[in-house]
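Each chain, written out:
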Amino acid sequence: MLVVDDLVKTFDGSGRRARSADDTRVLAVDGVSFDVQDGELFTLLGPSGCGKTTTLRSIAGLERPDGGHIALGDRVFFDGKRKINTPANSRRLGMVFQSYAIWPHMSVFDNAAFPVTVLPRGRRPSRTQLRERVMRVLEVTDLAAMADRAATKLSGGQQQRLALARALVGEPDLMLLDEPLSNLDAKLREAMRFELKRLQRELGLTAIYVTHDQAEALAMSSRIAVVNEGKIVQVGKPREIYERPASEFVATFVGVTNLLRGTVAAVDAADGSCRVDTPDLSVWGVMTGSPLQVGDDAAVSIRPECVQLDADTDGARADGSSGVRNEFSGEVGTRAFLGDSVDHVIAVGKQEIRNRSNPAQSIAPGNRVVLRIDHTRVAVIPPADQKTAAAGAAATETPGDAG
Ligand SMILES: Nc1ncnc2c1ncn2[C@@H]1O[C@H](COP(=O)(O)OP(=O)(O)OP(=O)(O)O)[C@@H](O)[C@H]1O
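In this text, all values refer to a predicted model and were calculated from it rather than measured experimentally.

Draft legend 1. Representation of the overall build of the protein chain in the model. Secondary structure assignment for the protein chain yields nine helices and 21 strands. Burial statistics for the protein chain: of 403 residues in total, 40% are counted as buried. Looking at the protein chain alone, contacts between residues at least 24 apart form 66% of all its contacts between residues at least 6 apart.

Put into structure tokens, the structure is as follows:
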């Protein structure tokens, strides 16, 4: 339904991401292409400054792209070659931004009604129609009982819902949501994720959601586009993105992972799995990025919850050379009780592996354990250059102190 094709946007700037040495413009959006189907909640997820907001603002008509094509159904919003640029107020989009921009001197009802009251005469509904439309939206967003209340007398969550209501009153063809939950405290933010998702599903809304919060993206999205340095690096359903990262950047940016570097030592043509030899252990996994061959450098991503621990009674080989795939012997270094899980950091040779166990399993430091890792859940990916890897790792939730 929405098609974005080869979108490019540059800004005057320091040249941090210029295309050539003598080009001092910042390349904020670098050839971004994606489409969003009817009823989808499509998320642009990436670290600060990667170009998410600029992409969204280009769709909204608040930025004029340098090139590319944007169309919603058969309505072309922007086309660089054909020099089409539809004004923002003719695109029929609903927008909710980080700052809700609620009018403090107006009631809840008037705030919600505002965008419709400023429509050109021909498109403005009658008073009765307007009242019906606004009340219907306030019902849906659970604000009807507060219609006459001053907007300033709403809680943070209610103000967020009002911002959403205001965007819905215009009956938009597409909703654009830019970090709409980031001003809320952690608990409310989590509750609002479900609320927003419910509303989106019940109303059959098509939405583009911008966030740098990977948990929010995983919980809410139909599909996620992971963005880095102005480019989309992977698009997929939340589970695909999490379980089958195509690059180190995605593996480390989305969720916590154990990332090991090594060389591909064997490829099993029967099931497409491969063995990567790292300095301390040989790990089997499946290739989830571009295909690798024996001798290629590789990275291995092991999610902590995929590492199963048992007491070491049968003397597993520390380096995994026992013949059984991904069975290692190690010693628990630290453990941390996190309420809904217990994390252990285990030393396997010089390599530390982080595990996430059910809280029923808690193994004291100093104990020897066998680690078993289902190789079908281990991602083998091409190694990133150091700069990209650092950006992903810095943005992810770091394993932290497990002590
Ligand atoms: N008006 C502007 N003038 C100059 N540079 C800009 C402008 N707007 C954005 N940029 C630059 O373009 C790049 C992308 O910015 P953008 O706001 O799209 O990123 P973002 O991924 O949405 O980040 P955040 O999550 O921090 O909002 C950044 O390097 C930013 O500094």
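Draft legend 2. Spatial organisation of the environment of Thr 313. Structurally, Thr 313 can be placed in the loop between strand S16 (307-311) and strand S17 (327-337). Taking C-alpha positions, Thr 313 is 8.8 Å from Arg 368, a pair spaced 55 residues apart along the chain.

Draft legend 3. Structural context of the site of the ligand. As a matter of local geometry, the ligand sits amid 13 residues, with Phe 11, Ala 28, Ser 48, Thr 53 and Thr 54 nearest to it. At the level of secondary structure, the elements contributing two or more residues to the shell around the ligand comprise strand S2 (25-36) and helix H1 (52-60). Taken together, the residues of the shell around the ligand sort by class into four nonpolar, eight polar and one charged.

Draft legend 4. Region of the structure containing unusual backbone geometry. The residue Asp 142 is not glycine, and still its phi comes out positive at about 65°. Mapped onto the fold, Asp 142 is located in the loop between helix H3 (127-140) and helix H4 (156-169).

Draft legend 5. How the structure looks around the environment of Ala 60. You can see Ala 60 is positioned in helix H1. In this structure Ala 60 comes out as buried when scored by C-beta crowding, with 20 C-beta atoms within 10 Å. Taking the C-alpha atoms as reference, Ala 60 lies 47 Å from Arg 275; in sequence the two are 215 residues apart.

Draft legend 6. How the structure looks around the confidence of the model for the protein chain. Across the protein chain, pLDDT averages 88, with 90% of residues at or above 70. Contacts from residues 394-403, a stretch scored under 50 in pLDDT, to residues over four places away or in other chains number 15 contacts. For this predicted complex, the interface confidence reaches an ipTM of 0.96, while the overall pTM sits at 0.88.

Draft legend 7. Molecular detail of H3. The end-to-end C-alpha separation of H3 is 20 Å, in line with the 20 Å expected for 14 residues at 1.5 Å each. Taken together, the buried positions of H3 are occupied by Val 134, Val 137 and Leu 138. When H3 is viewed along its axis, its buried side chains cluster within an angular range of 100° and face the same direction. Counted as exposed and oriented over 90 degrees from the buried face of H3: Thr 128, Gln 129 and Glu 132. Against the buried residues of H3 lie helix H2 (108-117) and H4. Asp 142, located one to two residues past H3, shows a positive phi value of around 65°.

Draft legend 8. How the structure looks around the nonpolar core. Counting 96 residues, the largest nonpolar core has Ala 112, Leu 176, Ile 208 and Val 380 as its most contacted members. For this core, the element with the most residues is H4, which contributes seven residues. Looking at which domains feed residues into this core, each of domain 1 (2-240) and domain 2 (244-395) supplies at least three. Setting aside anything within four residues of it in sequence, one finds Leu 176 in contact with Leu 56, Ile 59, Ala 60, Leu 93, Gly 94, Met 95 and Ile 208.

Draft legend 9. Quick peek at the domain arrangement of the protein chain. In terms of domain boundaries, the protein chain breaks down into domain 1 (2-240) and domain 2 (244-395). Inter-centroid distance (C-alpha atoms) of domain 1 to domain 2 is 38 Å. Taken together, the contacts link seven residues of domain 1 with 11 residues of domain 2. Looking at the side of domain 1 that touches domain 2, the elements that each hand over two or more residues are strand S10 (223-228) and strand S11 (231-236). Each residue belonging to the side of domain 1 that touches domain 2 can be placed in one class, and the counts come to three nonpolar, three polar and one charged.

Draft legend 10. Spotlight on the sheet that holds S2. Across the sheet, five strands lie side by side as S2-S1-S4-S5-S6; this open sheet has antiparallel pairing. The two strands at the open ends of the sheet, each matched to only one other strand, are S2 and strand S6 (84-85). Direction of pairing for strand S4 (residues 67-72) relative to strand S5 (residues 75-79): antiparallel, over a ladder of four bridges. Looking at S5, one finds that Ile 70 is bridged to Phe 78.

Conventions adopted
- Residues numbered from 1 in each chain as written.
- Predicted model: local features only at pLDDT ≥ 70, side-chain atom pairs only at ≥ 80, totals over all residues.
- Helix = DSSP H or I, 4+ residues; strand = E, 2+ residues; numbered from the N terminus.
- Buried ≥ 20, exposed ≤ 12 C-beta atoms within 10 Å, placed from the backbone.
- Contact = placed C-beta atoms within 7 Å.
- Near = placed C-beta within 6 Å.
- Nonpolar A, V, L, I, M, F, W, Y, C, P; charged D, E, K, R; others polar.
- pLDDT = per-residue confidence, 0-100.
- Expected span 1.5 Å × (residues − 1).
- Arc of directions from axis to C-beta.
- Core = buried A, V, L, I, M, F, W, Y, C linked by C-beta atoms within 7 Å.
- Domains from an automatic or database assignment.
- Pairing = 2+ DSSP bridges.

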